[in-house]
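Summary of the model geometry
Listed below, chain by chain, are the residues.
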Amino acid sequence: MAAVPSVVSFEPGRYNEIPVIELLRAASRGWVGIDKRLVQSILDRGEAGMADVVAFSREPVRDHPVFLDQLLIDLFHHSPQPGAIDFLIDAIRREPEDVDDTLIEALLPLGSQAVGALLKLYEELGEEAGSDVAFLLAGLRIRDPRVLALLLDRLEFDAADGAFCLGLYGDPAAKPALEKMLAELSEEDSSDDTVELRREIDHAIESLDAPETPYTPEPFDILAEYPKQDLPAFDVLTEPERTELLSSPDAAIRAEAAYSFFNLAVSPKVREALLAIAKSDPEPLARARAWEALSDAADQEPIRAAMLATLTNPSLPAEERGGAAVGLYSLADKPEVQRAIEALYEEGGDARAKALEAMWRSLYKPYSKYFGQHLDDENPAIVHQALRGAGYFRLTGYTDKIATRLDSDDFRDDALFAYTLALPGETTRGRARGILRKIDSVTHLSRSETRLVMFAIDERLRLHGLAPVFESDAEPEPEAPPQPSTAAPGRNDPCPCGSGKKYKKCHGK
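Owing to the predicted nature of the structure, the values given are computational and were not obtained by experimental measurement. (Residues numbered from 1 in each chain as written. Predicted model: local features only at pLDDT ≥ 70, side-chain atom pairs only at ≥ 80, totals over all residues. Heavy atoms only, no water.)

**Observations concerning the overall build of the protein**
For clarity, the threshold we go by: What counts as a helix is a DSSP run of H or I of at least four residues, what counts as a strand is a run of E of at least two, and both are numbered from the N terminus. Two things to know: the radius of gyration comes from C-alpha atoms, and the globule rule equals 2.2 Å times the number of residues to the power 0.38. The cut-offs for exposure are 20% and 50% of the maximum accessible area for each residue type, with area from a 1.4 Å probe on protein chains only; residues under the lower value are buried, those over the upper are exposed, and the others partly exposed. Contacts between residues were defined by any pair of non-hydrogen atoms, one from each residue, lying within 4.5 Å. Charged residues are defined here as Lys and Arg on the positive side and Asp and Glu on the negative side; His and the ends of the chain fall outside this count. Charged side chains are reduced to one point each, which is NZ for Lys, CZ for Arg, CG for Asp and CD for Glu.
From N to C terminus, the protein includes 25 helices and 0 strands. Over its C-alpha atoms the protein spans a radius of gyration of 29 Å, topping by over 25% the 23 Å that the globule rule assigns to 509 residues. Its C-alpha atoms give the protein principal-axis dimensions of about 90 × 65 × 40 Å. Here the protein holds 509 residues, and the buried ones make up 49% of them. Nonlocal contacts in the protein, meaning residues at least 24 apart in sequence, comprise 63% of its contacts between residues at least 6 apart. Taken together, the 56 basic and 89 acidic charged side chains of the protein have centroids lying 10 Å from each other.

**Some thoughts on the packing of aromatic side chains**
The following threshold applies: For Phe, Tyr and Trp, rings pair up if their centres lie within 6.5 Å, where Trp contributes its six-membered ring, and each pair is then called stacked (planes under 30 degrees apart), edge-to-face (over 60) or tilted (otherwise).
One pass over the full model with this rule turns up 12 aromatic pairs. The interplanar angle of 10° and the centroid separation of 5.1 Å between the aromatic rings of Tyr259 and Phe262 together place this pair among those described as stacked. Taking the centre distance of 4.7 Å and the plane angle of 70° together, the rings of Tyr345 and Tyr370 count as edge-to-face. Placement of the pair is Tyr345 in helix 19 (residues 335-346) and Tyr370 in the loop between helix 20 (349-362) and helix 21 (380-392), with a sequence separation of 25 residues. Here a set of aromatic residues connected by ring pairs shows up, and it is made of Tyr345, Tyr364, Tyr367 and Tyr370.

**Considerations on helix 12 (residues 192-209)**
Counted only if it meets this: A helix is expected to span 1.5 Å multiplied by its residue count minus one. Along the arc lie the directions from the helix axis toward the C-beta atoms.
A rise of 1.5 Å per residue sets the reference length of helix 12, with its 18 residues, at 26 Å; its end C-alpha atoms lie 26 Å apart and thus fit the reference within 8%. Here helix 12 has its buried residues at Thr194, Leu197, Arg198, Glu200, Ile201, Ala204, Ile205 and Leu208. Taken around the axis of helix 12, the buried residues stretch over an arc of 165°, which confines them to a single face. Those residues of helix 12 that are exposed and angled more than 90 degrees off the buried face are Asp192 and Glu206.

**With respect to the nonpolar core**
Our working rule: Among buried residues, the Ala, Val, Leu, Ile, Met, Phe, Trp, Tyr and Cys ones that are joined through side-chain atoms within 4.5 Å form a nonpolar core.
If you look at the biggest cluster of nonpolar residues, it comprises 156 residues, and the most contacted ones within it are Phe76, Leu88, Leu118 and Ile341. With residues up to four places along the chain from it excluded, the contact list for Phe76 reads Met50, Val53, Val54, Ser57, Gln81, Ala84, Phe87, Leu88 and Ala106.

**Let's talk about a negative patch on the surface**
What counts, and what does not: Patch definition: residues above 30% relative accessible area lacking any salt bridge, with like charges linked at up to 9 Å and the nonpolar side chains Val, Leu, Ile, Met, Phe, Trp and Tyr linked at up to 5 Å. Using a 1.4 Å probe, the Shrake-Rupley method yields the accessible areas, and only the shown protein chains count as cover for residues. Salt bridge, as applied in this entry: a Lys or Arg side-chain nitrogen positioned within 4 Å of an Asp or Glu carboxyl oxygen.
A surface patch of like charges, here negative, comprises Glu95, Glu97, Asp98, Asp100, Asp101, Glu127, Glu128, Asp153, Glu156 and Asp158. Asp101 gets classed as exposed once you look at its relative accessible area, which sits at 57%.

**So, the side chain of Glu241**
Formally: We call two N or O atoms a polar contact when they sit within 3.5 Å, provided that within protein one can donate a hydrogen and the other can accept it, with sequence-adjacent residues counted only if both atoms are side-chain atoms.
By the secondary structure assignment, Glu241 is in helix 13 (residues 239-244). For the buried Glu241, no salt bridge is present, and the opposite-charge side chain at shortest range is Arg29, 6.2 Å distant. At a separation of 2.9 Å, a polar atom in the side chain of Glu241 contacts the main-chain amide nitrogen of Thr238. Other than its neighbours up to four places away in sequence, Glu241 contacts Val7 and Trp31.

**Brief notes about the pattern of salt bridges**
Applying the stated criterion to the full structure yields 26 salt bridges. Here Asp281 makes a salt bridge to Arg254, at a shortest N to O gap of 2.7 Å. Here Asp281, found in the loop between helix 15 (268-280) and helix 16 (284-293), pairs with Arg254, found in helix 14 (residues 251-259); they are 27 residues apart in sequence, far enough to count as distant. Where Glu320 meets Arg287, a salt bridge forms, and the shortest distance between an N and an O atom there is 2.8 Å. Taken as a pair, Glu320 in helix 18 (residues 318-327) and Arg287 in helix 16 lie far apart in primary sequence, 33 residues in all. The burial state of Glu320 is the same as that of Arg287; both residues are buried. Residues joined in a network through salt bridges with shared partners are Arg289, Glu292, Lys354, Glu357 and Arg361.

**Quick word on helix 4 (residues 69-78)**
Buried residues dominate helix 4, accounting for 7 of its 10 residues. At its buried positions, helix 4 is contacted by helix 1 (20-28), helix 2 (36-44), helix 3 (46-57), helix 5 (85-94) and helix 6 (101-107).

**Considerations on the side chain of Thr102**
Looking at the element boundaries, Thr102 is found in helix 6. For Thr102, a relative accessible area of 18% gives the class buried. Engagement of the side chain of Thr102 in a polar contact is seen with the side chain of Gln70, the distance being 3.1 Å. Looking at Thr102, its side chain comes within polar contact range of the side chain of Asp100, at 2.4 Å. Excluding residues that lie within four positions of it along the chain, Thr102 makes contacts with Gln70, Ile73, Asp74 and His77.

**Things to note about unusual backbone geometry**
Although it is not a glycine, Asn263 adopts a positive phi angle of roughly 65°. Note that Asn263 resides in the loop between helix 14 and helix 15. You can call Asn263 buried: its relative accessible area is 5%. Backbone geometry at Leu363 places phi at a positive 60°, although glycine is not the residue there.

If you want it as structure tokens, here you go:
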């Protein structure tokens, strides 16, 4: 019986020793990052590698916690495969009205081999949802009476779209139907829709009269689509898988594996592994991330002492000392810890950024004085932490300055979060949706940004000892009159979310 491969065995330096189908299975489990190294290894295997890609594309999608559709589409775009038609058709079926250009480019080189499957899909979807499929059939430019009949029917269903597709298809047999429709348009009708339709039909007829140009694929640099290096998808990995990656030969993977345990209650085995990295890993980033991940055990004397010794050791890199500072955030009100964090802050630069992170995570109010002055700092790392602190300490006097960061791609998410927390006004469950509308009126929110703001509103409610509104679909319950801000949970009080943890170790994070 073959041994089950382990997550740590998929080290990038060994990719070319591993069958392509196993690499793809590992990527679909979240075990490896989807980057240039992975793609190049697949391309290096030539047709044999692409045969494995086709075989993988036929495996059940439900078995894959990470969907690799875009990677597979890009690979089939780079190297067209007749065996990929079923996969590509299924990809269209999932989102028939929003077919990505790369998917179209992957199908077009397959020509006549794709016609039958596309015709069947169009019949399945119907005219309303089949617009992109009709476009694909037209773009293939394969002379087939079934395609011509479909496009002529499309002309009757949606004249402008049908005319465009017929012009793209290029079959002179469509000319009589186009000329008949053009003749039926009233010359006296000058409405925008009619003028535009007349223009579309004229253009289609001109296209049919023009010499046919052969299909030439656009150049496609698949490697340009992917980062040089990417990390495993730690959010879908199990605890044993993440624990195994703590021993990865790649320092960046070890560091991220360690950080994946941040603010989680871990088993003694994991804690021991994290402590070993924190004390002896050759890379400062891995040591720093391990100290941060040990924050849940900072109240244990040996670990607290080791963290404080690291934080106060000036011979160590600021990165590592910053990790220890964040690891100690739940004890940041202790005099010796407070002195050490403030000393780290005074160093400036990235050390200051980590000190600020430890401060806002602590929710210790005396630290609130540090954040407003850094909202326009020249160091981006400091600005990110200043925004978080301005939100969590609800620095309402700085909302205008926070709002200036809403137009920055680099800071927008943190600014939205901070603005939501710091926005002046009462905090009640009844006002939650009003706050959301208010922020959307200030800066239009995308779907993902709306979810971020909803989470921030729930966080604001938790800080005031109230149950969240957006965490579930339940309607807000009648509530008592607004509590004053002094009713907010203390750092050592039970978290109002019901987790059983202290607030500072749960939604106070």
